[in-house]
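Tertiary structure, described
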Amino acid sequence: MNREIKIGSKTVGDGHPTYVVAEIGINHNGNLDIAKELIMAAKDADVDAVKFQKRTPEVCVPKEQQNQMRETPWGYIPYLEYRYKVEFGEKEYSEIDRLCKQVGIDWFVSVWDPDSVDFMEKFSPVCYKLPSASLTDDELLIKVRKTGRPMILSTGMSTFDQIDHAVELVGQENLLITHATSAYPCDPQELNLKMVQTLREKFSCPIGYSGHEVGLVTSVVAVAMGACLVERHFTLDRAMWGNDQAASVEPGGFARLVKYIRVTEEALGDGV
């Protein structure tokens, strides 16, 4: 079974080093300087890639939520306006692309709608991530598959029937599936790490882990259970404003996480 895919210049899968992703997401709070600082901190922590999120807000925010008022760093504003404030455009992503190439770190995004795929294609990303919330969005799955780029499919909140349907739709070629539990932050008893093994038994593509827990140990355990990619949310400071900050890892913690993963890989041996 050839359980591997190529992301950028790296082969990801059994027998290869775990591909570690620092998920910046929207933890930059719409500030390019913070995003750059996070990229540099991720590079210092020795991760393989940083990931952002790309949305077309008027498509992704349900109509009934668009005008709901919300407390934000920009004042008390409608939710749709807030979503635009944290969304990077071509200028910012060009700068992110330049910096990542300069320091030698992969970058890619989770795409939330078809227009975002069209937008990202001009940057020739190393792969695309489909967020858990989009696992049942057939139109988006097909759109991403048609780019021919490697796909990472996250499975938080999903039933096995939904996962089966998505995998059947896009095929297992050039696909990596990540086990995830969509609670932010997630309690240990909800992590269900044995799902990594269940997914490995069921599918022939590489299986990874996207974690939203507090602490590092459980993400390292996922590697011991066969996860060949680990993704954790990344922030400069967990006390910063934003939904994902509390379930994120700070730079010092991320450097330790990478170290623990590398030690675990060495320690696992070959079973002979």
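The structure this text deals with has already been given above.
Residues numbered from 1 in each chain as written. Predicted model: local features only at pLDDT ≥ 70, side-chain atom pairs only at ≥ 80, totals over all residues. Heavy atoms only, no water.

A cis amide bond links Tyr-184 with the next residue in sequence, Pro-185, at an omega value of -15°. Structurally, Pro-185 is set in the loop between β10 (175-180) and α9 (188-191). Here Asn-174, not a glycine, exhibits a phi torsion of approximately 60°, which is positive. As for its position among the elements, Asn-174 is in the loop between α8 (160-170) and β10. (Helix = DSSP H or I, 4+ residues; strand = E, 2+ residues; numbered from the N terminus.)

This next bit is on the packing of helix α11 (residues 217-224) against helix α12 (residues 251-268). Viewed as axis vectors pointing N to C, α11 and α12 meet at an angle of 30°, and their least axial separation amounts to 9 Å. The angle between α11 and α12 falls in the class roughly parallel. Helix-helix and strand crossings are classified by hand; for α11 and α12 the assignment is right-handed. Counting all contacts with α11, which are made through Ser-219, Val-220, Val-223 and Ala-224, the residues of α12 involved are Leu-257, Tyr-260, Ile-261, Thr-264, Glu-265 and Leu-268. (Axes fitted to C-alpha atoms, helices over the stretch in contact; angles between N-to-C directions. Parallel < 35°, antiparallel > 145°, perpendicular 65-115°, else oblique. Left-handed = near helix turned anticlockwise from the far one by under 90°. Contact = heavy atoms within 4.5 Å.)

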